Each structure stands twice: as C-alpha cells, then as structure tokens.
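Summary of the model geometry
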Amino acid sequence: MQGMGYVAIALGFAFAGGIVGRIKGSSFFLWFLISGLVPVFGLLAAIFYRYDSRELRRVCPTCGAVLKLHDAKCLRCGTELEFPDRPVVSEEAMRGRVA
Ligand SMILES: [Zn+2]
C-alpha cells in the first residue's frame with residue numbers, strides 16, 4: 001500500500017499547486033499537473049512564480065526585453081537604464097490587459 005500513500009501525497013500537492021496557480025491567474029490544470037509530477041518543487045514553483053509575477057516590470061528601450069524594475073542594466077543588450085520615466089506595470093497587469 002506504499003504506492004497508494006505516495007499517490008495520496010502527490011494528489012494533495014497537486015491540488016495545492018493547482019489552487020495556488022489558479023489564484024495567481026494561471027491554469028489550475030497546468031499547476032495541478034506540475035505539482036503532481038514533482039510534488040514539493042511544483043508547489044514551491046507555483047508559489048514563487050506567483051510572487052515573481054507581482055513584481056514591477058519595465059521594458060528595455062533598446063531591445064524590448066522585459067526586466068525587473070530595479071535592474072540598473074539590461075540583461076540582454078547591456079544598456080544602462082535610468083529610472084523609468086513612464087508608468088511601469090506588473091506582468092500580471094500586462095496579462096490582464098491582453099486578455
Ligand atoms: Zn536591452
């Protein structure tokens with residue numbers, strides 16, 4: 001019955017990950033699968049991914065890469081970045097606008 005125990009634990013993590021993913025506006029099913037396949041890390045990924053998506057973002061004026069607000073230099077093209085002179089939105093807000 002050890003297999004059944006693992007399945008029960010994996011299902012528990014799968015539901016938790018799915019709910020976290022759903023709350024953050026992503027797919028319940030996607031995070032259900034991820035958290036079920038890699039129970040502990042899947043759930044952690046769902047939690048941290050959500051946190052990360054709430055951070056403010058900015059767009060590099062040179063190459064268009066999406067960067068974190070506090071980045072002083074573009075990670076892709078190396079452009080020195082001044083403090084943004086136009087409104088910056090979170091990744092989550094950007095997604096909401098597209099949908
Ligand atoms: Zn750049």
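See the structure printed just above.
Note that the coordinates shown come from a computational prediction; the quantities given were computed from them, not determined experimentally. (Residues numbered from 1 in each chain as written. Predicted model: local features only at pLDDT ≥ 70, side-chain atom pairs only at ≥ 80, totals over all residues. Heavy atoms only, no water.)

What to know about the overall build of the protein chain
Operational definition: A run of DSSP states H or I qualifies as a helix once it reaches four residues; a run of E qualifies as a strand once it reaches two. Both are numbered from the N-terminal end. Only protein chains enter the accessibility calculation, which uses a 1.4 Å probe. A residue is then buried if its area is under 20% of the maximum for its type, exposed if over 50%, and partly exposed in between. Note on contacts: a residue pair is in contact if any heavy atoms of the two residues lie within 4.5 Å. Surface exposure here means Shrake-Rupley accessible area, sampled with a 1.4 Å probe, where a residue is shielded only by the protein chains that are shown.
Of the regular secondary structure elements, the protein chain holds 4 helices and 2 strands. Across the 99 residues of the protein chain, 27% fall into the buried class. Relative to all contacts within the protein chain whose residues are 6 or more apart in sequence, the contacts with residues 24 or more apart total 36%. A total accessible area of about 6,900 Å² is found for the protein chain, and carbon and sulfur atoms account for 68% of it.

Details of the nonpolar core
This is how it is decided: Note on terminology: a nonpolar core comprises buried Ala, Val, Leu, Ile, Met, Phe, Trp, Tyr and Cys residues joined through side-chain atoms within 4.5 Å.
Core analysis: the biggest nonpolar cluster contains 5 residues, these being Cys-60, Ala-65, Leu-67, Cys-74 and Leu-81. Those residues in contact with Ala-65, other than ones at most four positions away along the chain, are Arg-58, Val-59, Cys-60, Cys-74 and Arg-76.

Digging into the side chain of Asp-71
For clarity, the threshold we go by: His is not counted, nor are the chain ends, whereas Lys and Arg count as positive and Asp and Glu as negative. Should a side-chain nitrogen of Lys or Arg be within 4 Å of a carboxyl oxygen of Asp or Glu, the pair is scored as a salt bridge.
By the secondary structure assignment, Asp-71 is in the loop between strand E2 (66-68) and helix H4 (91-98). Comment: no salt bridge for buried Asp-71; closest opposite-charge side chain is Lys-68, at 6.5 Å.

Quick word on the coordination of the zinc ion
Quick reminder of the rule: In this listing, donors mean N, O and S atoms no farther than 2.8 Å from the metal, or 3.2 Å for Na, K and Ca; water is missing from the atoms, so a site can look incomplete. Here the metal geometry follows the donor angles, with tetrahedral for four donors whose angles all fall between 85 and 135 degrees, square planar for four and octahedral for six when opposite donors are more than 155 degrees apart and every other angle is between 65 and 115, and irregular for all the rest.
Donor atoms from the polypeptide that bind the zinc ion are Cys-60 (SG), Cys-63 (SG), Cys-74 (SG) and Cys-77 (SG), placed at 2.2 to 2.3 Å. Bound by 4 donor atoms, the zinc ion shows angles of 107 to 113° at the metal and therefore tetrahedral coordination geometry. On the primary sequence, the residues serving as donors to the zinc ion are separated as C-x2-C-x10-C-x2-C. Of this pair, Cys-60 sits in the loop between strand E1 (57-59) and E2 while Cys-74 sits in the loop between E2 and H4, placing them 14 residues apart in sequence.

Considering the packing of aromatic side chains
What counts here: Two rings from Phe, Tyr or Trp (for Trp, the six-membered ring) form a pair when their centres sit within 6.5 Å of each other. Planes less than 30 degrees apart are called stacked, planes more than 60 degrees apart edge-to-face, and all others tilted.
What the rule picks out here adds up to 3 aromatic pairs. Ring geometry for Phe-15 against Phe-32: centres 5.1 Å apart, planes inclined by 80°, an arrangement best described as edge-to-face. Within this pair, whereas Phe-15 is found in helix H1 (residues 2-23), its partner Phe-32 is found in helix H2 (residues 28-37), the two being separated by 17 residues in sequence. For Phe-15, a relative accessible area of 45% puts it in the partly exposed group. The class of Phe-32 is buried, set by a relative accessible area of 18%. Each residue in the set Phe-15, Phe-28 and Phe-32 is aromatic and connected to the rest through ring pairs, giving one cluster.

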